[in-house]
Amino acid sequence: MDLREQADASLREVMSIYPTGVTVVAASDPDGSPYGLTVNSFTSLSLEPPLVLVCIGHTSSSHARLIVAPAFTVNVLAADQEEVASRFSRDPSEGRFQDFPWRRAVSGAPVLDGVAAWLECSVHEVLAGGDHSIVVGRVQRSAVSDRPALLFHRGRLGPTAK
Ligand SMILES: Cc1cc2nc3c(=O)[nH]c(=O)nc-3n(C[C@H](O)[C@H](O)[C@H](O)COP(=O)(O)O)c2cc1C
């Protein structure tokens, strides 16, 4: 049997074999300063109304800011944006937008250049989820390109699942 059955396979191990896309969730502080972090826990929740969710860890420095933000963007990274995923997941958070091309969506939240697609959301609800908060966004605007998306699989970033 191919399936390696073991009672102690960790949740982390199981999730690592499930390929996902990679996004940068971004917003701006009341003073206009942009911030953002790499997130793969992005999924759609409802079509009518149009809702999506992202899960943000309590230890992330963006957490306290994001749960009170009025709006955020979800930037779906393109296959050639592996370095962008690393930049937005590396410490420190400061400087991630420095020398990186981006613009503001209507809410002021950042849209990164070169992404495969993006969504602008108002914060609809924030729910408790263990050591993460589930931030539910209502989609206000969206855009897609022809660029293929970056994937995350077995702990690796790349253009295809391995
Ligand atoms: C591929 C990938 C996916 C990630 N997904 C998430 C996620 O869904 N939620 C989360 O809170 N952190 C996620 N992270 C970790 C954050 O990007 C990382 O902890 C970041 O430094 C947090 O930034 P901050 O402290 O400025 O908020 C992910 C990292 C990588 C590389």
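Residues numbered from 1 in each chain as written. Predicted model: local features only at pLDDT ≥ 70, side-chain atom pairs only at ≥ 80, totals over all residues. Heavy atoms only, no water.

Across the sheet, 3 strands lie side by side as E1-E11-E12; this open sheet has antiparallel pairing. At either end of the open sheet lies a strand with only one pairing partner, and these are strand E1 (20-21) and strand E12 (156-158). (Pairing = 2+ DSSP bridges. Helix = DSSP H or I, 4+ residues; strand = E, 2+ residues; numbered from the N terminus.)

Taken together, 18 residues lie near the ligand, and Thr38, Ser41, Ser60, Ser62 and Ser93 sit nearest. With respect to the ligand, the backbone of Thr38 contributes an N or O atom lying 2.8 Å from an oxygen atom. Between the ligand and Ser60 there is a distance of 2.5 Å, counted from an oxygen atom to a side-chain nitrogen or oxygen. Computed on the free molecule, the ligand has an accessible area of 640 Å², of which 80% lies beneath the protein chains in the complex. Counting atoms within 2 Å of the grid points, the majority share of the ligand lands in the largest pocket. Taken together, the elements giving at least two residues each to the shell around the ligand come down to strand E3 (34-39) and strand E5 (51-57). Taken together, the residues that form the shell around the ligand break down as 6 nonpolar, 10 polar and 2 charged. (Near = heavy atom within 4 Å. Polar contact = N/O pair within 3.5 Å; in protein donor to acceptor, adjacent residues only side chain to side chain. Areas by Shrake-Rupley, 256 points an atom, 1.4 Å probe, with all protein chains shown as cover. 1 Å grid on protein atoms, 1.4 Å probe; cavity = no way out; pocket = protein on both sides within 12 Å on 5 of 7 lines; lining within 4 Å. Sits in = over half its atoms within 2 Å of the grid points. Nonpolar A, V, L, I, M, F, W, Y, C, P; charged D, E, K, R; others polar.)

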